[in-house]
Amino acid sequence: MPAPAVPAPAVPATTGHLDIERDSVEKGLASLVLTIVELLRQLMERQALRRIDQGDLTDEQVERIGVTLMALEERMVELREHFGLEAGDLNLDLGPLGSLLPRD
């Protein structure tokens, strides 16, 4: 005689939507984007300093680069404040490789 059929356990129907908080997602995305922008800003600053040390730039170019980098840094501070982030929030821990951004 065959065993009686056992009904499958009831599984709640899914709606296909994730229950997430918009503010949390917005802050996480802003943190990621600002981390990338900060990394690029620091790389550009180092490259500019190398070129200045090598004497590859005119005084006008040095001035323009300095003003641009300062303006970008100010804007980064404004954006971090807008999203409630600290400078340390933009630094990713890469495990054994250390942190993504140098610690000042």
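Predicted, not measured: the structure shown is a model, and the values here were computed from it.

*Asks:* I tried to follow the overall build of the protein chain on my own but got confused; where do I start?
*Replies:* Helices and strands together make up the secondary structure of the protein chain, namely two helices and zero strands. Of all 104 residues assigned to the protein chain, the portion counted as buried reaches 15%. Contacts spanning at least 24 positions in sequence make up 63% of the contacts within the protein chain whose residues lie at least 6 apart. For the protein chain, the exposed surface amounts to about 8800 Å²; the carbon and sulfur share of it is 59%.

*Asks:* Where do I start with the environment of L39 in this structure?
*Replies:* Along the chain, L39 falls in helix α1 (residues 22-54). A relative accessible area of 25% places L39 in the partly exposed class. Remark: the alpha-carbon pair of L39 and P102, spanning 63 residues in sequence, is separated by 9.4 Å.

*Asks:* I would appreciate a short explanation of the side chain of S31 in the present structure.
*Replies:* Secondary-structure assignment places S31 in helix α1. Once residues lying within four places of it in the same chain are set aside, the contact partners of S31 are L85, D89 and L90.

*Asks:* How should I be thinking about the pattern of salt bridges in this particular structure?
*Replies:* Close approach of charged atoms allows side chains with opposite charge to pair. Going through the model one piece at a time under the given rule, you end up with four salt bridges. A salt bridge links R41 to E38, with the nearest nitrogen and oxygen atoms 2.8 Å apart. One end of the pair, R41, and the other, E38, are both in helix α1, three residues apart, so they sit about a helical turn from each other. You'll find R41 and E38 in the same group, each marked buried. For R41, the salt bridge goes to E45, with nearest N and O atoms at 3.0 Å. In this pair, R41 and E45 both sit in helix α1, four residues apart, roughly one turn of the helix.

*Asks:* Help me out: how do you make sense of the nonpolar core in this one?
*Replies:* Buried together is how nonpolar side chains tend to be arranged in soluble globular proteins. Counting residues in each nonpolar core, the largest one holds five residues, listed as L34, M76, L85, L90 and L101. The contact partners of M76, leaving out residues within four places of it in the chain, are L34, V37, E38, R41 and L90.

Calculation criteria
- Residues numbered from 1 in each chain as written.
- Predicted model: local features only at pLDDT ≥ 70, side-chain atom pairs only at ≥ 80, totals over all residues.
- Heavy atoms only, no water.
- Helix = DSSP H or I, 4+ residues; strand = E, 2+ residues; numbered from the N terminus.
- Buried < 20%, exposed > 50% of the residue type's maximum accessible area, 1.4 Å probe, protein only.
- Contact = heavy atoms within 4.5 Å.
- Areas by Shrake-Rupley, 256 points an atom, 1.4 Å probe, with all protein chains shown as cover.
- Salt bridge = Lys/Arg side-chain N within 4 Å of Asp/Glu carboxyl O.
- Core = buried A, V, L, I, M, F, W, Y, C linked by side-chain atoms within 4.5 Å.

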